Amino acid sequence: MEYTLLSVERSFQNRVATVTLRRPEVHNAFNAQLIEELRTAFTALGDDERLHAVVLTGAGASFSAGADIKMMQQAVNVSREENVAEALRLADLFEAINTFPCPVVARVNGTAMGGGLGLIAACDLVIAVETARFAFSEVRLGIAPAVIAPYVVRKIGEGQARALFVTGEQFTAERARELGLVHVVVAAQELDTAVEQALHNLLRGGPRALRACKALALQIGALSREAARDYTASLIADLRASPEGQEGLRAFLEKRKASWVVS
């Protein structure tokens, strides 16, 4: 599939896809086209059962500055209905990443602001350079981090969100790690090594099991105790009986790599 504002590259025998935002001249800020291309890319990749992971990153010095200033200017001159429709398209993008069937790894190569933090919050594993800076800067523009809030609050909790949303203050990658937005912080020269190590860990997992583990983490908190009991019992029974589960167990007992592991 052809894209203008992003690229999709494959590696590890087509088991990993890397999606790179390619608007470095505006710090990979969103416009309507980039939002649509990202949503389309994740929708298309979601059908590929070979994938163990998708890496999301930005070209240039920044990860993503959030909404493009031109996009915000246009929002002033359109109707409320058009603003709602645009916000829903952005919400659909975050949900496509959040519910993507297999793990999504954010390779945070630089600063992320506003909606860029929404992308990060929708990912499963986040690895950031130590020089990256973050902010929920919307309040300083007279707006709010509304569309990204569901994903951010789930990651950092209401208490932290109440402070950071209203101050709009910048914070470091290490602070983001403490908050739970980022999992690993590394020096710039170590970023690719850290991402590759994370990918090697993911590639050791069975592709069906990876999907099941992600779905489990997403769903379990919303289930009642009885529903969780039934869901988890059925899940583990199905996985144990599956060809992948049987192969994983045999590989463990025979002290060898499972058939899906890439050398």
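Please read these numbers as outputs of a predicted model, since none were measured by experiment.

Colleague: What's the story with the environment of Met 113 in this structure? I'm lost.
Modeller: Tracing the backbone shows Met 113 in strand E5 (residues 112-113). The spatial distance from the C-alpha of Met 113 to the C-alpha of Ala 222 is 29 Å, given a sequence separation of 109 residues. Ignoring anything within four residues of it in the chain, the contact list for Met 113 reads Ser 64, Ala 65, Gly 66, Arg 133, Phe 134, Ala 135, Ser 137 and Gln 170.

Colleague: Teacher, can you tell me more about the domain arrangement of the protein chain here?
Modeller: Where the parts come together, the accessible area they lose is often given as the size of the interface. You can read the domains of the protein chain as domain 1 (6-202) and domain 2 (205-254). Once you take the C-alpha centre of each, domain 1 and domain 2 turn out to be 28 Å apart. Interface of domain 1 and domain 2: buried area, both sides summed, is about 790 Å²; carbon and sulfur atoms make up 50% of it. Interface area lost by domain 1 to domain 2 is led by His 52, Pro 101 and Leu 202, which between them contribute 44%. Our enumeration of links across domain 1 and domain 2 arrives at one salt bridge. Here Lys 214 and Asp 124 are joined by a salt bridge, their closest N and O atoms 2.8 Å apart. The interface formed by domain 1 and domain 2 includes eight residue pairs in polar contact (both at pLDDT 80 or more). Taken together, the elements giving at least two residues each to the side of domain 1 that touches domain 2 come down to helix H3 (80-98) and helix H7 (191-203). In the side of domain 1 that touches domain 2, the residues fall into eight nonpolar, four polar and three charged.

Colleague: What should I look at first to understand the sheet that holds E5 in this one?
Modeller: Note on sheets: strands pair through backbone hydrogen bonds, and any given pair is parallel or antiparallel. One open sheet accounts for three strands, arranged E5-E7-E8; its pairing is mixed. Every other strand in the sheet has two partners, leaving E5 and strand E8 (171-172) as the edge strands with one partner each. The pairing of E5 with strand E7 (residues 133-135) spans two bridges and is classified as parallel. Residue pairing for E7: Met 113 is matched across the bridge by Ala 135.

Calculation notes
- Residues numbered from 1 in each chain as written.
- Predicted model: local features only at pLDDT ≥ 70, side-chain atom pairs only at ≥ 80, totals over all residues.
- Heavy atoms only, no water.
- Helix = DSSP H or I, 4+ residues; strand = E, 2+ residues; numbered from the N terminus.
- Contact = heavy atoms within 4.5 Å.
- Domains from an automatic or database assignment.
- Buried area = accessible area lost by both parts, 1.4 Å probe.
- Salt bridge = Lys/Arg side-chain N within 4 Å of Asp/Glu carboxyl O.
- Polar contact = N/O pair within 3.5 Å; in protein donor to acceptor, adjacent residues only side chain to side chain.
- Nonpolar A, V, L, I, M, F, W, Y, C, P; charged D, E, K, R; others polar.
- Pairing = 2+ DSSP bridges.

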